[in-house]
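Structural features, examined
Single-letter residue listing:
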Amino acid sequence: MHIFRTHGFPAADRPFLFNGDFVDRGTQSVEVLLTLYAWQQLLPGSVLLNRGNHEERSVNVRNGFEHECAQKYDGDMHERFVATFAWLPLGTVVNGKVLVVHGGVDDDLTLATLEAAPRNEYVISEGLRNNTRRGSLMHPAMLAQQAAQNEREERIRPITWVLWNDPMEDEGTCANDVRSIGRFFGPDVAGRFLRREALGLIVRSHEQVQAGVHWPYGAGRHLVTVFSASNYSGKMQNQGAFALLGSAADAAAAAAAAAAAAARAAASSVAAEEDEVDTPPTPMWTVRPGTQPLPCPLHALHRCARGAPVPPPPSLLRLWTVPKPFPRRR
Ligand SMILES: [Mn+2]
């Protein structure tokens, strides 16, 4: 609601993309989810929802959402919500240049494999396995059954990567031993993925970062973490942030407005001691125009706003942080 209040409600010329983990982030998951779903139904081309790793039963039964549903509703509302999660898109390609996914990428990930993945069949335990079992002593029927299962897991594994992976400073990939699921991937992996898919940037979320925004591979390089839940879980003291993909004209207008606001703040004697609020937008990353327009199928992967014409490529990505509603502990 803070973002809507400060930057306007969704509209045809003001599309919003929410990057997963709509639930389990506090005591109002139901309200957050229903607000997003209502907007998505009202403006399906302008409100896009990516799936997060918490949009899965085995995660949200342990992190509060199921309990919240049981408190607020009778019957099987939690099951009904979980059923909708199975069909949430796994990622969005914005303007043919920016991939937005909840977790991250992997060396074996392509947009084609992601688009072909059976997202409605995703179950976490299957995506976890490393497919190293040997079946030489099994009955042929079981071998065939296992081969079919292995093939299924192979198709599901990319879903685990985009929902769970985290960036790391080292090169390459390795098992994500912090989460016990998914993988870590280095800057070389992200760079190869971008080149392979002719993209310019990955925007992902999934990790709480203190300023709401973090460039793990260096400012402007390959991938940015954008985490919108300020005061995460009501316990942390982090800022939230969101990314704004806009035109150069938008950026110039916003920079002028920010400069005017900064001038007003400087003139006011109150501002000095306060925590930073709504950090002025700084152009942090440039996208080269000139990509081909892409079609807009309603697939596992959004290519753009559903049913809307492909907008021109963004020339600038700007990152905004939202103020912390709670005072910082001294
Ligand atoms: Mn997450």
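Predicted model, so just to flag it, every value in this text is computed and none were measured.

1. Details of the overall build of the chain
- Regarding its fold elements, the chain presents 10 helices and 14 strands.
- The buried share among the 330 residues of the chain stands at 38%.
- Contacts in the chain between residues far apart in sequence, at least 24 positions, make up 70% of those at least 6 positions apart.

2. As for the packing of helix α4 (residues 65-72) against helix α5 (residues 77-85)
- Packing of α4 against α5 brings their axes to within 8 Å, and their N-to-C directions diverge by 130°. The orientation of α4 relative to α5 falls into the category oblique. Each of E66, C69 and A70 in α4 lies in contact with α5, whose residues at this interface are M77, H78 and F81.
- Considered class by class, the residues forming the contact of α4 with α5 number four nonpolar, one polar and one charged.

3. Looking at the sheet that holds strand β6 (residues 173-175)
- Strand order in the open sheet made by the three strands is β5-β7-β6, with mixed pairing throughout. The sheet terminates laterally at β5 (166-167) and β6, the two strands that pair on one side only.
- In this structure, β6 lies alongside strand β7 (residues 183-185), joined through three bridges in antiparallel fashion. Bridging across to β7, T173 finds its partner in F185.

4. Re the confidence of the model for the chain
- Overall, the predicted model of the chain reaches an average pLDDT of 76, with 74% of residues at or above 70.
- Averaged over each element, pLDDT in the chain is lowest for strand β12 (residues 283-286) (33) and highest for β5 (98).
- Taken together, the stretch residues 271-319 has pLDDT below 50 and engages in 106 contacts with residues farther than four places along the chain or on a different chain.
- Here residues 323-330 is a poorly scored stretch, pLDDT under 50, and it has 13 contacts once near neighbours within four places are set aside; other chains count.

5. Re the pairing of strand β10 (residues 223-226)
- The alternating pattern of β10 places L223 and T225 and V224 and V226 on opposite faces, both of which are buried.
- Alignment of strand β8 (residues 201-204) against β10, held across three bridges, turns out to be parallel. Bridged to V203 within β10 is V224.
- Inspection of the sheet shows strand β9 (residues 213-214) paired to β10 by two bridges, in the antiparallel sense. Across the sheet, H214 pairs through a bridge with T225, a residue of β10.

6. Some points on the pairing of β8
- What you see with β8 is no split at all: L201 and V203 on one side and I202 and R204 on the other are buried throughout.
- One ladder, built from three bridges, connects strand β4 (residues 98-100) with β8; its direction is parallel. Each bridged residue has a counterpart across the sheet, and for L99 the counterpart in β8 is I202.

7. As for the nonpolar core
- Within the largest apolar cluster, 54 residues are counted, with the highest numbers of intra-cluster contacts made by V98, V105, V203 and V226.
- Ranked by residue count, the leading element in this core is helix α8 (residues 140-164), at six residues.
- Once residues lying within four places of it in the same chain are set aside, the contact partners of V105 are W161, N165, F185, V189, A190, F193 and I202.

8. Focus on α8
- Its 25 residues give α8 an end-to-end C-alpha distance of 35 Å, which sits within 8% of 36 Å, the value for a rise of 1.5 Å per residue.
- In α8, a bend of some 30° at R155 exceeds every other bend along the element, and P158, a proline, comes one to four places later.
- All of the buried residues along α8 are I156, R157, P158, I159, T160, W161, V162, L163 and W164.

9. A short note on the environment of H54
- Here H54 lies in the loop between β2 (47-49) and α3 (57-60).
- By C-beta crowding, H54 is classed as buried, having 22 other C-beta atoms within 10 Å.
- For the pair formed by H54 and R25, sequence separation is 29 residues and the distance between their alpha carbons is 9.3 Å.

10. As for unusual backbone geometry
- Unusually for a residue other than glycine, S180 sits at a positive phi of about 60°.
- Residue classification places S180 among the exposed positions, given that 9 C-beta atoms sit within 10 Å.
- Here the phi dihedral of A198 falls at roughly 55°; this positive angle occurs in a residue that is not glycine.
- Considering the arrangement of structural elements, one finds A198 in the loop between α9 (187-197) and β8.

Cut-offs and rules
- Residues numbered from 1 in each chain as written.
- Predicted model: local features only at pLDDT ≥ 70, side-chain atom pairs only at ≥ 80, totals over all residues.
- Helix = DSSP H or I, 4+ residues; strand = E, 2+ residues; numbered from the N terminus.
- Buried ≥ 20, exposed ≤ 12 C-beta atoms within 10 Å, placed from the backbone.
- Contact = placed C-beta atoms within 7 Å.
- Axes fitted to C-alpha atoms, helices over the stretch in contact; angles between N-to-C directions.
- Parallel < 35°, antiparallel > 145°, perpendicular 65-115°, else oblique.
- Nonpolar A, V, L, I, M, F, W, Y, C, P; charged D, E, K, R; others polar.
- Pairing = 2+ DSSP bridges.
- pLDDT = per-residue confidence, 0-100.
- Core = buried A, V, L, I, M, F, W, Y, C linked by C-beta atoms within 7 Å.
- Expected span 1.5 Å × (residues − 1).
- Bend = angle between axes of the 7 residues up to and from the residue.

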